[in-house]
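Single-letter residue listing:
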Amino acid sequence: MRNLFIILKKEFTQIFRDKVMSRMIIMMPIVQLLLLAHAATFDIKNISLLIVDNDNSTFSSEFIAKFNGNNYFITHWNYGNQKLAESKLMEGSIDLYIEIPNGFEKNLLTSQESGVHVTVNAIDGAKAGLAMFYSNSVVNELINSFSRNKGYININQKFINIEYSHWFNPELNYTTFMVPGILVLLVSMIGLFLSSMNIVREKEIGTLEQLNVTPIKKSELLLGKLLPFWFIALFELGFGLILAKVFFDIPMEGSLWLLFAISAIYLTVILGIGLFISTITSTQQQAMLFTWFFSVIFILLSGLFTAIENMPYWAQVLTEFNPVKYYMQSTRMIMLKGSAYDDISVFIYKLTAFSIVINSLAILLYRKR
Amino acid sequence: MKHVKSITVENLTKIFGNFTAVDNISFDVEQGEIFGFLGANGAGKTTAMKMLCGLLMPTSGTARIAGFDIYKESEKIKRNIGYMSQRFSLYEDLSIIENIDFYAGIYGLEKKEIRNRTNEMLEKLNMKSIKNEMLSSLPLGWKQKLAFSTAIIHKPEIVFLDEPTGGVDPITRRGFWELIYEYAYSGMTIFVTTHYMDEAEYCNRISMMTEGRIAALGTPAKLKSDYNAIDMNEVFIKIAEVKRK
């Protein structure tokens, strides 16, 4: 026990003395939360739209006005110059164009059957999808109001209006969605990078060999080297939560204690991975490379940027082995949905199992070397 | 019963894969003796030393360090030995006093004891006025003296030095050896590897290793007369040449 305190004292002295390290610990949550939460939004604004009006009628002007008044679009229009629209789409100065055919209004008035042609630059698939979705909803709204005004009771209603109601994040606010995710990233990165580099560093400078000839037990040494990052990562979580509350007013629907409890367990998984990495590497450079390798896989398969349901089947299977995914889901559930222990207990069990497996593996490997 | 032999080694062997790094070596070291372990690079010195310190498990053979068995009593051995490797082993980002406190602490010394020994040691090294300086700001020679003193802060029976004077100037090296002598007089056993042949002359007895075996063992004077050489350098070269033939 006394040895553990001696090691902890030394570790904390070294961490706080390292100016870069201690500054990073404070700056990372601030920068990541304040900048990334805004930057990493999936909301697309300022979609550049060109409407080619071949009809030049009252209704087509109304059509243009409707888009012009919509926040998501920056709308331009011309009359009948489709070639220009094509070339602009080619050079990338617009994201999509909508072509209103000649006789659009007349057709609507007589047969109620008409259409517009939408052409989208789909290089960025996500953006294209959203642009389509937005323009569709504008068009639908327009046609509905048109039918109503003209007294048609949608004789030939071919579309069903789907109304969405978004629970737990009613305004579909992406900051609300992203901030818990970024908190998860923060806690994971701090835990993983610092722990994987720390033991390797002692190996590199030769002090680990020195420690191995002292009466220090290996368990004391490992605990003493890993615990500081466990504390620091939990501190980061608390600090990040305060920032999230103050700057974004992110709700904390569930229990704060539950969030910290699951974080504490999750961090033992992360530190175990860090220990594993420092056991199989012998320089900080190698450790860095490994840590990046793991981080990128973990983060991309965590459901932060892409919904897991949208992944191919094999990738979904892979995510089952990703601790970050479980922690990400629990954090969002606790913070946004107010989930209680029973709702996330399965994640807690899985994380505990991961922790036991990875730590046993790392300690076994560590003993061998 | 007080044992007179600090180290006894019998038929110690270490095999890595199909390479025999240490091949069946046997020797004794008396208490208070300065025992030099010499040999070319890759002769197996460091491997042998690591086995004696408990950093490596031998493939076969036995050894007792300070009366304790290297297989069964490695924890007791660790309390009774000091070790200083060729790679510098203190923390650059801690101050002199913090380094001493840390190592003294993990050897289980009491607070008061740590303070006394630290004062005594800093006095001897003339570093009292700079005890709060970071290690990184000290010249290499000072660091090595400090590393040595820290390695023996718990007053071990035996201290293992693995090429302790690599990379320092002759005057600092001499100063370092004076320090070693002082402790040897007080009864500490010194086990030192080196490839500086002038340093070999400082040792009470020397073992010359080539290809994992002990090729010669004796006092510097005896080895010189045995090989009809004027200095240790010549002894070393003659042994290496015999081996080559």
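Quick caveat, the model's predicted, so the values are computed rather than measured.

What follows is about the overall build of chain A. When helices and strands are counted, chain A shows 14 helices and four strands. Burial statistics for chain A: of 369 residues in total, 35% are counted as buried. In chain A, once contacts between residues fewer than 6 apart in sequence are set aside, the share between residues at least 24 apart is 80%.

Listed as interface residues are 21 residues of chain B and, on the opposing side, 16 residues of chain A. Looking at the side of chain B that touches chain A, the elements with two or more residues in it are helix H2 (74–80), strand S6 (81–84) and helix H3 (96–106) of chain B. For the side of chain B that touches chain A, the element with the highest residue contribution is H3(B), accounting for four residues. Here the residues of the side of chain B that touches chain A sort into ten nonpolar, five polar and six charged.

Annotation of chain A at the domain level lists domain 1 (2–40 + 172–368) and domain 2 (47–149). The centre of domain 1 of chain A, based on its C-alpha atoms, is set 48 Å off from the matching centre of domain 2 of chain A.

H3(B) packs onto helix H1 (residues 2–17) of chain A with a crossing angle of 160° between their chain directions and a minimal axis gap of 9 Å. One finds that H1(A) runs roughly antiparallel with respect to H3(B). The two elements H1(A) and H3(B) cross, and the hand of that crossing is left-handed. Along the contact surface, H1(A) presents A:Asn3, A:Ile6, A:Lys10 and A:Thr13, while H3(B) presents B:Glu98, B:Phe102, B:Gly105 and B:Ile106. In the contact of H1(A) with H3(B), the residues fall into three nonpolar, three polar and two charged.

Time to look at the packing of H1(A) against helix H9 (residues 218–248) of chain A. A pair of packed helices is captured by two measures, namely the crossing angle of their axes and the spacing between those axes. All names here are of chain A. At a minimum axis distance of 9 Å, the contact between H1 and H9 shows a crossing angle of 35°. Taken as a pair, H1 and H9 cross one another with a handedness that is right-handed. Listed contacts from H9 to Asn 3, Leu 4, Ile 7, Leu 8, Glu 11, Phe 12 and Ile 15 of H1 are Glu 220, Leu 221, Leu 223, Gly 224, Lys 225, Leu 227 and Pro 228.

What holds strands together in a sheet is hydrogen bonding between their backbones, with the strands either parallel or antiparallel. Residue and element names in this part refer to chain B. Taken together, the six strands give an open sheet; going across it, the order is S6-S7-S8-S3-S9-S10, and neighbouring strands pair in mixed fashion. Taken across any chain shown, the strands that pair with only one partner, and hence form the sheet edges, are S6 and strand S10 (213–218). Taken pair by pair, the neighbouring strands of this sheet meet at an average axis angle of 15°, ignoring direction. Pairing analysis gives five bridges linking strand S7 (residues 158–162) to strand S8 (residues 189–194), with the strands arranged parallel. The partner of Asp 162 across the bridge, within S8, is Thr 193.

Another aspect to go through is the nonpolar core. Nonpolar side chains in soluble globular proteins tend to end up buried together. Residues A:Leu183, B:Leu52, B:Ile81, B:Val159, B:Phe160, B:Ile190 and B:Phe191 are the most contacted members of the largest nonpolar core, which totals 124 residues. In terms of residue count, helix H7 (residues 174–205) of chain A provides more of this core than any other element does, 16 residues in total. In this view, B:Leu52 contacts B:Ile7, B:Ala63, B:Ile65, B:Ile70 and B:Phe160; residues no more than four positions away in its chain are not counted. In terms of nonpolar packing, the next biggest core, distinct from the first, is built from 20 residues, A:Leu49, A:Val52, A:Trp77 and A:Val120 among them.

Basis of the calculations
- Residues numbered from 1 in each chain as written.
- Chains lettered and ligands numbered in written order.
- Predicted model: local features only at pLDDT ≥ 70, side-chain atom pairs only at ≥ 80, totals over all residues.
- Helix = DSSP H or I, 4+ residues; strand = E, 2+ residues; numbered from the N terminus.
- Buried ≥ 20, exposed ≤ 12 C-beta atoms within 10 Å, placed from the backbone.
- Contact = placed C-beta atoms within 7 Å.
- Nonpolar A, V, L, I, M, F, W, Y, C, P; charged D, E, K, R; others polar.
- Domains from an automatic or database assignment.
- Axes fitted to C-alpha atoms, helices over the stretch in contact; angles between N-to-C directions.
- Parallel < 35°, antiparallel > 145°, perpendicular 65-115°, else oblique.
- Left-handed = near helix turned anticlockwise from the far one by under 90°.
- Pairing = 2+ DSSP bridges.
- Core = buried A, V, L, I, M, F, W, Y, C linked by C-beta atoms within 7 Å.

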